[in-house]
Amino acid sequence: MKIGFIGCGNMAQAMIKGIIAAKWIQNEDILVSNHTSKKLENVKELYGVRTTMDNCVVAGNSDILVLCVKPKVYSMIIEEIRRVVKPETLIVSIAPGICLHQLETQFERVHKIVRCMPNTPAMVNEGCTAYVMNTHCDQADQQMIEKLLSCFGIASCVDEDLMDAVTGLSGSSPAFVYMFIEALADGAVHEGMPRAMAYQFAAQTVLGSAKMVLASGNHPGVCKDQVCSPAGTTIEGVRTLEANGFRSSVMEAVIAASRKSRGE
Ligand SMILES: NC(=O)C1=CN([C@@H]2O[C@H](COP(=O)(O)OP(=O)(O)OC[C@H]3O[C@@H](n4cnc5c(N)ncnc54)[C@H](OP(=O)(O)O)[C@@H]3O)[C@@H](O)[C@H]2O)C=CC1
Ligand SMILES: O=C(O)[C@@H]1CCC=N1
């Protein structure tokens, strides 16, 4: 089994790292292409994967082919590789806003195609990926894609009309969470805490809070109430966040990212 990646940027490297750590396939059965050489040299040295600057070599020799380039170059890449992709190859798209129908049209021939939305926490095996398959995929393909995506986190099959919401939430919100961590730390620095300690405390607190929600199964509001002592410190902070439109800001960010994914 050979897995190919076209484009060797942030998301490809996160997925490759997860696949290697899971020891699912041999390192040399991962093929990676990029139109420039620097990142290829890095992944070759780090992971012992096979690299090339020829996208068609990867496209023609992969059983699973993951397209890891920016959405604006998707059409160009598909045009470049479509004649060499084997009919049985499972094609995986991770681009926001490009639907299965568009992909099928651009490839012209009948192909098994999976549309995914992963996220960069895949790099630390805590990814969250949603996927939807086209009608040419069967149960074996689903098992294969679940196996691939599970190498670096959780994987859920969703209806295609949810993919833009997924993009706004799990795809994009790691950036929002990093901003939240940065802001938490800035607040503590303002209060005199050394910066390195502030980042560590802020990140660990976000990690622990997320685990609490997942492990307890509680509504997040229940977890929040457990922290807020009557007339205590936390409720002062909660009041300030509400007065500054915290929840509304976060909702608007997810909605804006989802709309952008929809092309609005
Ligand atoms: N980053 C994220 O959190 C997520 C990204 N995605 C999606 O994943 C895809 C990749 O994103 P991301 O990894 O962040 O982007 P990056 O810019 O980090 O990676 C894209 C890679 O594609 C390479 N590339 C550009 N043109 C070509 C070409 N013609 N042939 C071969 N390689 C090429 C770039 O090379 P170079 O840099 O040398 O120009 C770069 O290494 C996008 O569609 C994005 O929307 C999906 C979910 C999350
Ligand atoms: O910002 C982007 O367009 C990509 C898709 C989701 C995360 N990064």
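Scoring rules and cut-offs
Residues numbered from 1 in each chain as written. Chains lettered and ligands numbered in written order. Predicted model: local features only at pLDDT ≥ 70, side-chain atom pairs only at ≥ 80, totals over all residues. UniProt positions renumbered as here; feature names shortened; annotations may be inferred. Helix = DSSP H or I, 4+ residues; strand = E, 2+ residues; numbered from the N terminus. Expected span 1.5 Å × (residues − 1). Buried ≥ 20, exposed ≤ 12 C-beta atoms within 10 Å, placed from the backbone. Pairing = 2+ DSSP bridges. Right-handed = clockwise from strand over helix to strand, strands pointing away. Core = buried A, V, L, I, M, F, W, Y, C linked by C-beta atoms within 7 Å. Contact = placed C-beta atoms within 7 Å. Near = placed C-beta within 6 Å. Nonpolar A, V, L, I, M, F, W, Y, C, P; charged D, E, K, R; others polar. Axes fitted to C-alpha atoms, helices over the stretch in contact; angles between N-to-C directions. Parallel < 35°, antiparallel > 145°, perpendicular 65-115°, else oblique. Left-handed = near helix turned anticlockwise from the far one by under 90°.

An unreviewed UniProt entry lists the protein chain under the name Pyrroline-5-carboxylate reductase, with Absicoccus intestinalis as the source organism. Taken from UniProt, the Sequence similarities (unreviewed entry) comment for the protein chain reads in full: "Belongs to the pyrroline-5-carboxylate reductase family." Under the UniProt heading Subcellular location (unreviewed entry), the note attached to the protein chain is "Cytoplasm".

This part takes up helix α9 (residues 195-216). Taking 1.5 Å of rise per residue, the 22 residues of α9 would be expected to cover 32 Å, and the 31 Å separating its terminal C-alpha atoms lies within 8% of that figure. For α9, the buried fraction is low: two of the 22 residues fall into the buried class. Taken from the residues just after α9, G217 is the one with a positive phi, measuring 70 degrees.

The two faces of strand β1 (residues 3-6) match: I3 and F5 on one face and G4 and I6 on the other face are all buried. Relative to strand β2 (residues 30-33), β1 runs parallel, the two being bridged by four bridges. When the bridges of β2 are listed, F5 appears paired with V32. Taken together, β1, helix α1 (residues 10-22) and β2 constitute a β-α-β crossover, and its handedness is right-handed.

Core analysis: the largest hydrophobic core is formed by 52 residues, its most contacted members being V66, L67 and V92. Counting residues per element, this core draws most heavily on α1, at seven residues. Excluding its chain neighbours within four sequence positions, the residues that come into contact with V92 are I64, L65, V66, L67, V114 and C116.

Further remarks concern the UniProt feature "domain: Pyrroline-5-carboxylate reductase dimerisation" (unreviewed entry) in the protein chain. UniProt feature "domain: Pyrroline-5-carboxylate reductase dimerisation" (unreviewed entry): in the numbering of this structure it lies at residues 160-262. Regarding residues 160-262, the helix share stands at 83% and the strand share at 0%, and the terminal C-alpha atoms are separated by 12 Å.

This part covers the site of ligand 1. In the vicinity of ligand 1, 27 residues are found, and the nearest of them are G7, G9, M11, H35 and T36. Listed by contribution, the elements that provide at least two residues to the shell around ligand 1 are α1 and α4 (71-81). A class-by-class count of the residues in the shell around ligand 1 yields 14 nonpolar, 11 polar and two charged.

Turning our eyes to something else, we now look at the packing of helix α8 (residues 173-190) against α9. The geometry of α8 relative to α9 is characterised by a closest axis approach of 8 Å and an angle of 135 degrees between their N-to-C directions. In terms of orientation, α8 lies oblique with respect to α9. Note that α8 runs across α9; the crossing there is right-handed. The segment α8 lies against α9, with V177, F180, I181, L184, A185, A188 and V189 engaging R195, A198, Y199, F201, A202, A203 and V206. Within the contact of α8 with α9, the residues separate by chemical class into 13 nonpolar, no polar and one charged.

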